[in-house]
Structures are given as C-alpha cells and as structure tokens.
Amino acid sequence: MKVLVIGGGAREHALCRSLSLDPDVTALHCAPGNAGIGEVAELHGVDPLDGRAVADLAVDLAADLVVVGPEAPLVAGVADAVRERGIPVFGPSVRAAELEGSKAFAKDVMAAAGVPTARSYVCTTPEEIDDALDAFGAPYVVKDDGLAAGKGVVVTEDVAAARAHALGCDRVVIEEFLDGPEVSLFAVTDGETVVPLQPAQDFKRAHDGDAGPNTGGMGAYSPLPWADPKLVDEVLQTVLQPTVDELRRRGTPFSGLLYAGLAITSRGIRVIEFNARFGDPETQVVLARLKTPLSGLLHAAATGTLAAFPPLRWRDGAAVTVVIASHNYPGTPRTGDPIEGLAEVAEQDAPDAYVLHAGTRRDASGAVLSAGGRVLSVTATGADLATARERAYRAVGRISLDGSHHRTDIAAKAAAGE
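We now turn to the structure provided with this report. Every value quoted in this text rests on a predicted model; they were computed, and no experiment measured them. (Residues numbered from 1 in each chain as written. Predicted model: local features only at pLDDT ≥ 70, side-chain atom pairs only at ≥ 80, totals over all residues. Heavy atoms only, no water.)

Structural notes on the pattern of salt bridges
One pass over the structure, following the stated rule, counts 25 salt bridges. The partner of Glu12 in a salt bridge is Arg11, with the nearest N and O atoms 2.7 Å apart. The partner of Arg85 in a salt bridge is Asp56, and the shortest N-O contact between them spans 2.8 Å. Of this pair, Arg85 sits in the loop between helix H4 (78-83) and strand S5 (89-90) while Asp56 sits in helix H2 (residues 51-61), and the two are 29 residues apart along the sequence. Each of Arg11, Glu12, Glu71, Glu100 and Arg277 takes part in salt bridges that share partners, so that together they form one network. (Salt bridge = Lys/Arg side-chain N within 4 Å of Asp/Glu carboxyl O. Helix = DSSP H or I, 4+ residues; strand = E, 2+ residues; numbered from the N terminus.)

Next up, the structure:
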C-alpha cells in the first residue's frame, strides 16, 4: 500500500512512524512534513490546504490511501477533493468536519442524537454574551465557535476576561462548567461501524499544576488506571455511535477519526467537544500502544469495510509523551533556534523512548531548527506509567533548545496512583 499523509506536526509524525513500521506499507509520503518526518517518509512541498494540489499529488503518486492529519485541511474540503479523484481517504467530508469546525453545529447534532453535554448558549451580540455569562456564573467557559488550533477556549473565574474573549469572536458558545477529570477517546469510523481506541488524557495548560494559559496540549498519557473499565463501552453506546448515526441520518456521514473530549462529572459522562481528526498530543501515546497495523485499519474506514475488520490488538504497558515548546509559547513563539541532543536520544533511549517532531525544519547544513510553538513530542513506553514517565523525562533531559519549556508533571498523579 502506498500512503500519503497530509500535515506537518507531531501527530503526523506519530502517524508516519506507525505507518513506516507497518509491513503492508510499501511507500510512505507526507506533505509538507517536517524535519523528523523526512527520516521515515518522502516529503512533498504541497500546501495542505489546497485540495486540488493534494489530490493531484495523490494521483501522481498512485496513492492507495490518503490520511489527512490536521483539522484545517478537513474543514477546507481537502478530503472531498481527494475522494472526487477516486482515491480512498481517511478523513471526513467538509460537511461532516463541521462537527469540529463549528461548536454550535456540534451542539445541535448532540441535541438531536441525545448525547450528554454541557448546557450552552450560542451568542453573537454583547447583550447575548452578558446574559449567558450571568446565567451560568463562574467559572466561565467561553468557546470560539470556529477553529482556533486548540486555543479558542477560555475557562476563567474573571468575568471581564471571559467577556473580552467572547467579544473577540464572531460567534461564541458559552456553556456551564463541567467538573471532574477529562478524557480523550478516539474512534475510527466508516460512517456506520464505530471502533473505539484506548482512552488517553492530555494536559492543556502551559505550566505545571495546570497553571497558565490554554495550549494545544503539553503532554499526554495512556492508559488511564483510574478510569472505569466500562468507560469505553459506555462512551461508544451513549456518545460515539449516536453521533455517527445522527450525521448519517442527516445525509452527511462521518468517515474518519471522531475524537470525543469528555468530562467524567459527578452526574456522569459529558461531552466537552468533538474533533474531526486525531488529537495532538494524545495520538502520540495511543499509537505507541496500538499493536494492530495502522494502514489496514485506516483503509477499512476509508473504504466502508470496518465491520469486517478484526478486533484491535493493544500492547501491554503504558505510554507518556512530553511536549517541548519554544520560548513564549502559547504566545508568539520564537523560531529558528538550533535543537541539540536528538542523536543522543536515538542512540541511548531507543526503542523505549523516541522524539516526534512538531515544529521543526532543517537548514541548508542539515541542522534541525525550531519552526513553531510546540517543537517536539518526546514519547516513551514502559511496563507501567511510572516507567514510561521516567524514560520520557530522561530523554527530555538530553535535548537542548534555548528558551524552551516543558511541563514536569505529565502523568505524575496517575503514575503515583492518585
């Protein structure tokens, strides 16, 4: 199978790494990729938002499968452009991707499907915003209706900060605060059959102890030793399958990766948000544990044959990923700084720990430089969370990037049994 992956972050590096280890993959391509992905796939300088250019590339490569990684190309209709050329693609149509592209649309689908979620108001005027903030009270949860790269949500006790964020959005969803721990659960679907993966937990805040602003994610771990063993089945029955069924009923079947961000509240499971693609950084830990070859699973979803696909197999043990971010992230990041220590991790920590590139590029001499906010995802596996965590942070300690920062508490409570 010839596979083309679209995107250039750590999620796409995780996808490409898994696909490169898949015996069924005979050729692996990525557009545009990054410095790390270039070590396992052939890179192509194609704009990932240009559907026609992506489809032309897929045809030129005679690709058997196209995997669209990020949300922006999906919302831009890239998967549709590839499908129109007769090539199987893993990723929803532009209409189905609205589940992530519009928080208001997602709320409407959940209401129709009977999926439990937070009570909310969709607001477009200052008066509606003030009424909604007054109705729910603190802590305030304010979400930009559109795509915001994981940074469009503000949760704050400060009504002025909540109002300022809301006024900066064209359309905003204001909802009740959900108590309890958060869980990310991915499911692969062909529009009818839904196959859940293993749950993970990510860390959104920039600094230790969940302090600082929201980011795209600073780390993750899987499995969740504290979660109810029946959690995945319950979410499949009450959230994932009803959502897929409702979208199919509307004539907009969802084929690809359905990501449910969940709160395990005192009143039961509630959906915080849906995404239409693999989450970053949760993908890094989930794929580290997936034993089933990835290409067959994604191809079955892309071709409507998921019902006949064998049950997924998982590796024992745990996985932890720690994100190394550039200076000032999640504000405007500083880029162009050299990254040292990558070879040392490869020599001394592999295969138990490895580095997935997010915002990187190579200069003319071949040196790896920072090229984004989240620069690297250092991922490790082990017999348990404590071992995986120790291996991840040992590898992080070998890497040098001037001005960078990372959280030191990823998976700490879970590893300690808290």
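Remarks on helix H9 (residues 231-249)
An ideal rise of 1.5 Å per residue puts 27 Å on 19 residues; H9 measures up with 26 Å between its terminal C-alpha atoms. Of all the bends in H9, the largest measures some 40° and sits at Gln237. Among the residues of H9, those classed as buried are Leu231, Val232, Val235, Leu236, Val239, Leu240, Pro242, Thr243, Val244, Glu246 and Leu247. The inward-facing, buried residues of H9 contact helix H5 (98-101), helix H6 (103-113), strand S10 (182-189), strand S11 (194-196), strand S16 (256-265) and strand S17 (268-275). Of the residues one or two after H9, Gly251 is the one with positive phi, at around 85°. (Expected span 1.5 Å × (residues − 1). Bend = angle between axes of the 7 residues up to and from the residue. Buried < 20%, exposed > 50% of the residue type's maximum accessible area, 1.4 Å probe, protein only. Contact = heavy atoms within 4.5 Å.)

Considering the nonpolar core
Of all hydrophobic cores here, the largest spans 77 residues; its most connected members are Val66, Leu99, Leu240, Val320 and Ile399. No other element matches the eight residues that H9 contributes to this core. Dropping the residues within four chain positions of it, Leu240 is found in contact with Leu185, Ala187, Val194, Pro196, Val235, Leu258 and Ala260. Core analysis: the second largest hydrophobic core is formed by 42 residues, Ala14, Val67, Leu287 and Leu294 among them. (Core = buried A, V, L, I, M, F, W, Y, C linked by side-chain atoms within 4.5 Å.)

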